[in-house]
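What the coordinates show
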Amino acid sequence: MKKITTLILASLVVATGLFAQKTPVVGVVDVQRVLADYSAFQAAVEKVKGSVAPVEEEMKKMQANIEAIVSEGRTIETKAKNPAASAEARAEAQGQVNELQQKLQQAQGELQQFRQQAQQLAQKGQQEELAPLQAKAVEAVKTVSEDKGIDLVVPKNTVIYSSDALEISDAVIAVLNAGN
């Protein structure tokens, strides 16, 4: 009898535990929209773009210079291959082509080095300006989730379908912009 009573009590404890488990609450957030509407993030994006813009402008000038060298080289190469020109004129043109090839290689090397520096500058801006704000956005998602009793938040772009009732992007945006 004692075993039966213990067995019944154990069963009740297990059954009660199973029924007492909370159903997880899920929310979705549109990450792109949150960052697009987060005013401090957009200001930081503009700051990073502004720091990279002069470098990009210089790269355009360097690219135009390379294109001019190539164009000039084609013109001179045509002279070097012209059978109607004298041997002396063809030899002189070939010398100019060789000089332009060296000039072109140098300009391309400089452009490549400049591109690498520009990429490093952009990455530095990303790390210094944008990464802390992205972390702040994640914290805002946590804050909103805790306030609404949400257990799991997933990015909206990874979900095939979700009810609008699960959407918390507006609340996250409000928390972020209120902190500015």
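Provided above is the structure to which this section pertains.
Residues numbered from 1 in each chain as written. Predicted model: local features only at pLDDT ≥ 70, side-chain atom pairs only at ≥ 80, totals over all residues. Heavy atoms only, no water.

**Topic: the overall build of the protein chain**
Selection rule: Helix and strand labels come from DSSP, where a helix needs a run of H or I of at least four residues and a strand needs a run of E of at least two; each type is numbered from the N terminus. By definition, residues are in contact when any of their heavy atoms lie within 4.5 Å. We get accessible surface area from the Shrake-Rupley algorithm with a probe of 1.4 Å; when it comes to residues, only the shown protein chains can shield them.
Across its full length, the protein chain holds five helices and two strands. Starting at the N terminus and ending at the C terminus, the protein chain contains elements arranged as α-β-α-α-α-β-α. Contacts in the protein chain between residues at least 24 apart in sequence constitute 83% of all its contacts with a sequence separation of at least 6. Here the protein chain has roughly 12700 Å² of accessible surface; of this, 56% comes from carbon and sulfur atoms.

**Quick look at the nonpolar core**
Stated precisely, the cut-off is as follows: What is meant by a nonpolar core is a set of buried Ala, Val, Leu, Ile, Met, Phe, Trp, Tyr and Cys residues, joined one to another through side-chain atoms within 4.5 Å. Summary of the burial criterion: residues with accessible area below 20% of their type's maximum are buried, those above 50% are exposed, and those between are partly exposed, where the area comes from a 1.4 Å probe applied to protein chains only.
Of all hydrophobic cores here, the largest spans 19 residues; its most connected members are Val29, Val34, Phe41, Leu130, Ile168, Val172 and Leu176. Apart from the residues lying within four places of it in its own chain, the contact partners of Leu176 are Val34, Tyr38, Lys136, Ala137 and Ala140. Within the second largest apolar cluster, 14 residues are counted, among which are Val55, Ala80, Leu100 and Ala107.

**Describing the packing of helix α4 (residues 87-148) against helix α5 (residues 169-178)**
Convention followed: Axis geometry follows a simple rule: fit a line to the C-alpha atoms, using only the stretch in contact for helices, then measure angles between N-to-C directions, giving values from 0 to 180 degrees. Oblique is the label for every angle not falling under 35 degrees (roughly parallel), over 145 degrees (roughly antiparallel), or within 65 to 115 degrees (roughly perpendicular). Working rule for handedness: look at the near helix, and if it is turned counterclockwise from the far one by less than a right angle, call the crossing left-handed; if clockwise, right-handed.
Running from N to C, α4 and α5 point in directions that differ by 120°, and their axes come no closer than 9 Å. The angle between α4 and α5 places the two elements in the oblique class. Judged by the twist between their axes, the crossing of α4 over α5 is right-handed. Residue-level inspection shows Lys136, Ala137, Ala140, Val141, Val144 and Lys148 of α4 in contact with α5, the latter providing Ala171, Val172, Val175 and Leu176.

**Side note on the pattern of salt bridges**
Heads up, the rule is: Each salt bridge in this description consists of a side-chain nitrogen of Lys or Arg and a carboxyl oxygen of Asp or Glu lying within 4 Å of one another.
By the definition in use, this model includes seven salt bridges. By sharing partners, the salt bridges in this structure join Arg33, Asp37, Lys156, Glu167 and Asp170 into a single network.

**Overview of α5**
Owing to its 3.6 residues per turn, the α-helix brings residues three or four apart onto one side. This is how the line gets drawn: Here the arc refers to the directions that run from the helix axis out to each C-beta atom.
Taken residue by residue, α5 has Ser169, Val172, Ile173 and Leu176 as its buried positions. Down the axis of α5, the sector holding all buried residues measures 100°, keeping them to one side. Among the exposed residues of α5, those pointing more than 90 degrees away from its buried face are Asp170 and Ala178.

**Examining the packing of helix α3 (residues 39-80) against α4**
Filter applied, for reference: Any residue that is not Ala, Val, Leu, Ile, Met, Phe, Trp, Tyr, Cys, Pro, Asp, Glu, Lys or Arg is counted as polar, Gly included; the first ten are nonpolar and the last four charged.
Closest axis-to-axis distance for the α3/α4 pair is 9 Å, and the angle between their directions is 170°. With respect to α4, the axis of α3 lies roughly antiparallel. Here the contact of α3 with α4 is built from residues that sort into 26 nonpolar, 10 polar and 10 charged.

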